[in-house]
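Take a look at the letters that make up each chain.
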Amino acid sequence: MTSAQPLSVTPYAEALGRYEPAIGLETHVELGTRTKLFCGCPAQFGGEPNTHVCPVCLGLPGSLPVPSRAAIEYTIRIGLALNCSIAGWCRFARKNYFYPDMPKDFQISQYDEPLCTDGWLDVTVDEGDGEPAHVRAGIERVHLEEDTGKSLHVGGATGRIHGADYSLVDYNRAGIPLVEIVTKPITGTGAAAPAVARAYVAELREVIRSLSVSDVRMEEGSLRADVNTSLAPRGSAVLGTRTETKNVNSLRSVERAIRSEIERQAAVLDAGGAVALETRHFHEDTGITTAGRSKEEAEDYRYFPEPDLVPLAPAREWVEQIRRSLPELPSVRRERLQAEWNLSGADLSALRNADAIDLVAATAEAGASPADARKWWLGELSRRAHETGTELAALPITPAQVARVAELIASGALSDRLAREVIDGVLAGEGGPDQVVTARGLAVVSDDSALTAAVEQAIAANPEVADRIRGGKTAAAGVLVGAVMKATRGQADAARVRELIVQRLG
Ligand SMILES: [Zn+2]
């Protein structure tokens with residue numbers, strides 16, 4: 001069933017004038033456990049189709065699931081990091097529906113007894129127009145379930161089932177542990193709702209990455225977000241009917257999908273219509289959503305407690321042990337680094353936006369000053385990453401190598417210009433900084449005998465400048481230093497050159 005599509009949308013600012021948006025996020029995270037949730041098959045991304053399978057994850061008769069302790073531990077880690085209560089006793093539930101990539105025709109999930117409940121995640125929204133806003137997103141539940149397989153539709157233009165000649169099924173993903181994190185409705189954020197949703201997913205991704213339980217790559221689908229959007233007339237105490245936009249696979253798309261839903265729903269309501277409870281698909285190319293299926297209600301799935309598994313009752317001591325082992329969380333770490341590195345809020349935002357905090361921290365740990373580390377990662381290296389369309393962290397240079405370049409500059413062995421050439425060499429795969437310096441002959445020349453000839457030449461070529469220096473105007477030495485630097489293609493030690501000039505003419 002699809003809803004009637006309005007021909008136009010209500011402009012965003014106008015929509016926000018009449019309606020208050022509520023958003024909700026359901027985020028699925030594929031856990032990075034060694035094995036699948038209920039069998040010993042490898043829980044790896046990719047692989048030859050249907051090679052990571054066994055009777056359990058294929059749902060063959062007579063096979064029985066055995067839960068992975070690591071997957072339960074990882075879920076508890078996430079729950080604790082999100083300030084949730086951990087259930088002393090809960091159960092898995094069987095969710096019944098047919099889908100060709102789900103071999104058992106049911107999914108083992110959790111329903112009314114999730115492992116983690118009632119937490120929160122604080123997010124900071126920085127739209128670059130004044131003080132960042134702080135929003136606390138309530139977490140309703142964090143539960144554990146198995147992932148489905150994957151269908152591949154062949155022959156159609158879009159890769160969707162519609163228009164395809166045939167479909168193939170790959171069960172490698174079936175049974176990989178999946179954690180679902182559901183927020184409570186987030187209200188009262190007004191026009192910032194799309195930015196809040198984006199900030200939430202970004203923060204959640206950082207938290208989960210810090211816990212080392214998943215690689216949380218949106219582009220590979222190990223983090224997938226569904227976004228719920230509803231509108232209510234301003235001043236209304238009741239939430240409007242929500243739509244659920246599926247599998248929005250980048251941070252930018254989270255923001256765009258909600259914005260477009262707000263404009264679309266406002267137009268439906270403005271025309272006197274009712275928003276249909278349905279799933280929708282976000283289209284990256286057009287930035288709009290289109291109707292999918294009408295939304296199932298929980299009772300459609302005929303949940304019941306999974307009869308093949310005993311209840312789950314994590315020991316309190318175990319939960320407390322996991323709590324004690326939690327790392328410093330990203331928000332706490334950011335505050336600490338901001339103070340240690342003496343950064344303004346804008347400086348910190350710049351580092352976050354460039355995804356450079358870990359890189360700068362690792363470079364500082366390797367011996368560079370935080371200021372130097374920031375300078376290289378946000379300056380020269382960001383520019384190179386941008387030029388080649390790679391992520392900063394994917395550049396073929398390590399924080400230790402950047403620290404070594406900074407050290408060579410500090411010791412006077414390299415100028416900034418030579419350092420950029422060294423970085424060229426490292427990025428081109430010519431080895432570490434010291435190897436590149438040797439191979440390309442890039443060291444600063446500070447040996448007097450080598451520099452004196454160049455100094456003499458510069459003086460001979462600029463007799464008037466030399467006279468001014470002789471007359472006491474030592475500031476004019478800059479001209480001669482520049483001439484020497486040019487003659488030595490930037491490799492001379494500028495400070496030493498200046499000393500030699502003043503000595504010679506002083
Ligand atoms: Zn298996």
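Look a little higher up for the structure.
Small disclaimer: the values here were computed from a predicted structure and weren't measured.

1. Some points on the nonpolar core
Within the largest apolar cluster, 70 residues are counted, with the highest numbers of intra-cluster contacts made by Ile 76, Ile 78, Leu 82, Val 142, Ile 181, Tyr 200 and Val 201. Counting residues per element, this core draws most heavily on helix 3 (residues 193-210), which supplies 11 residues. Setting aside residues up to four positions removed in sequence, Leu 82 forms contacts with Gly 119, Trp 120, Leu 121, Ile 139, Val 142, Ile 181 and Leu 204. Counting residues in each nonpolar core, the second largest holds 32 residues, with Ala 361, Val 402, Val 436 and Val 437 among its members.

2. Things to note about a nonpolar patch on the surface
On the surface, Leu 152, Tyr 166 and Leu 168 cluster together into a nonpolar patch covering about 310 Å² of accessible area. Examined against the element boundaries, Leu 152 turns out to sit in strand 7 (residues 150-154).

3. Some thoughts on helix 4 (residues 251-270)
In an α-helix, one full turn covers 3.6 residues, which means residues spaced three or four apart are oriented alike. If you check helix 4, its first and last C-alpha atoms are 29 Å apart, about what 20 residues at 1.5 Å a residue would give, namely 28 Å. A positive phi of about 85° marks Gly 272, the residue just after helix 4.

4. A closer look at the coordination of the zinc ion
The protein atoms donating to the zinc ion are Cys 39 (SG), Cys 41 (SG), Cys 54 (SG) and Cys 57 (SG), with metal-donor distances spanning 2.3 to 2.4 Å. Each of the 4 donor atoms bound to the zinc ion contributes to angles spanning 101 to 116°, and the resulting shape is tetrahedral. Of note, the zinc ion draws all its donor residues from one chain, in the sequence arrangement C-x1-C-x12-C-x2-C. Of the two residues, Cys 39 and Cys 41, both sit in the buried class.

5. Quick notes on the pairing of strand 4 (residues 106-109)
Of the two faces of strand 4, the one carrying Phe 106 and Ile 108 and the one carrying Gln 107 and Ser 109 are both buried. As paired strands, strand 3 (residues 93-96) and strand 4 are joined by 4 bridges and run antiparallel to one another. Bridge pairing links Lys 95 to Gln 107 in strand 4.

6. Examining the side chain of His 28
Checked against the element boundaries, His 28 lands in strand 1 (residues 19-30). There is a polar contact of 3.4 Å between the side chain of His 28 and the side chain of Glu 145.

7. Considering the packing of aromatic side chains
All told, the structure shown has 4 aromatic pairs when counted by the stated rule. Ring geometry for Phe 38 and Phe 92: centres 5.5 Å apart, planes at 80°, overall edge-to-face. Of the two residues, Phe 38 is situated in the loop between strand 1 and helix 2 (69-81) and Phe 92 in the loop between strand 2 (85-86) and strand 3; the sequence distance between them amounts to 54 residues. Each member of the pair, Phe 38 as well as Phe 92, carries the same accessibility label: buried.

8. Concerning the side chain of Thr 243
Along the polypeptide, Thr 243 turns up in strand 11 (residues 243-248). A residue is classified by how much of its surface remains accessible, and Thr 243, at 0% relative accessible area, is buried. Only 3.1 Å separates the side chain of Thr 243 from the side chain of Gln 265, close enough to count as a polar contact. Leave out the neighbours within four places in its chain, and Thr 243 touches Val 227, Asn 228, Thr 229, Glu 261, Arg 264, Gln 265, Val 275, Ala 276, Glu 278 and Arg 280.

9. So, the packing of helix 3 against helix 6 (residues 330-340)
With their axes 9 Å apart at the nearest point, helix 3 and helix 6 run at an angle of 95° to one another. Regarding the angle of helix 3 to helix 6, the classification is roughly perpendicular. In contact with Glu 203, Glu 206, Val 207 and Ser 210 of helix 3, helix 6 contributes Pro 330, Ser 331 and Arg 334.

10. Some words on the state of the cysteines
Disulfides are covalent bonds that connect the sulfur atoms of two cysteines. Within the structure shown, the criterion is met by 0 disulfides. Between Cys 116, a cysteine without a disulfide, and Cys 84, which holds the nearest cysteine sulfur, the sulfur-to-sulfur distance is 5.5 Å.

11. With respect to the pattern of salt bridges
For the structure shown, the criterion picks out 40 salt bridges. Its salt-bridge partner being Arg 91, residue Glu 113 comes within 2.9 Å of it at the nearest N-O pair. Residue Glu 113 is located in the loop between strand 4 and strand 5 (116-125), and its partner Arg 91 is located in the loop between strand 2 and strand 3; the two are separated by 22 residues in the primary sequence. Bridged by salt links that share partners, the residues Glu 380, Arg 383, Arg 384, Glu 387 and Asp 424 form one connected network.

12. Focus: the sheet that holds strand 9 (residues 177-183)
In space, the 9 strands of this open sheet follow the order 2-5-6-9-1-10-11-12-13, with mixed pairing throughout. With partners counted over all chains shown, the strands left at the sheet margins are strand 2 and strand 13 (289-294), one partner each. Here strand 6 (residues 133-146) pairs with strand 9 via 7 bridges, running antiparallel. Residue pairing for strand 9: Ile 139 is matched across the bridge by Thr 183. Sitting on the sheet, helix 2 touches strand 2, strand 5, strand 6 and strand 9, and the angle it makes with strand 6 is about 165°. Packed onto the sheet, helix 4 meets strand 1, strand 10 (223-233), strand 11, strand 12 (278-282) and strand 13 and runs at close to 30° relative to strand 10.

Reading guide: rules and limits
Residues numbered from 1 in each chain as written. Predicted model: local features only at pLDDT ≥ 70, side-chain atom pairs only at ≥ 80, totals over all residues. Heavy atoms only, no water. Core = buried A, V, L, I, M, F, W, Y, C linked by side-chain atoms within 4.5 Å. Buried < 20%, exposed > 50% of the residue type's maximum accessible area, 1.4 Å probe, protein only. Helix = DSSP H or I, 4+ residues; strand = E, 2+ residues; numbered from the N terminus. Contact = heavy atoms within 4.5 Å. Patch = residues over 30% accessible without salt bridge, like charges linked within 9 Å, V, L, I, M, F, W, Y side chains within 5 Å. Areas by Shrake-Rupley, 256 points an atom, 1.4 Å probe, with all protein chains shown as cover. Salt bridge = Lys/Arg side-chain N within 4 Å of Asp/Glu carboxyl O. Expected span 1.5 Å × (residues − 1). Donors = N, O, S within 2.8 Å, 3.2 Å for Na, K, Ca; no water. Tetrahedral: all angles 85-135°; square planar, octahedral: opposite > 155°, others 65-115°. Pairing = 2+ DSSP bridges. Polar contact = N/O pair within 3.5 Å; in protein donor to acceptor, adjacent residues only side chain to side chain. Phe/Tyr/Trp six-rings, centres within 6.5 Å; stacked < 30°, edge-to-face > 60°. Axes fitted to C-alpha atoms, helices over the stretch in contact; angles between N-to-C directions. Parallel < 35°, antiparallel > 145°, perpendicular 65-115°, else oblique. Disulfide = S-S within 2.5 Å.

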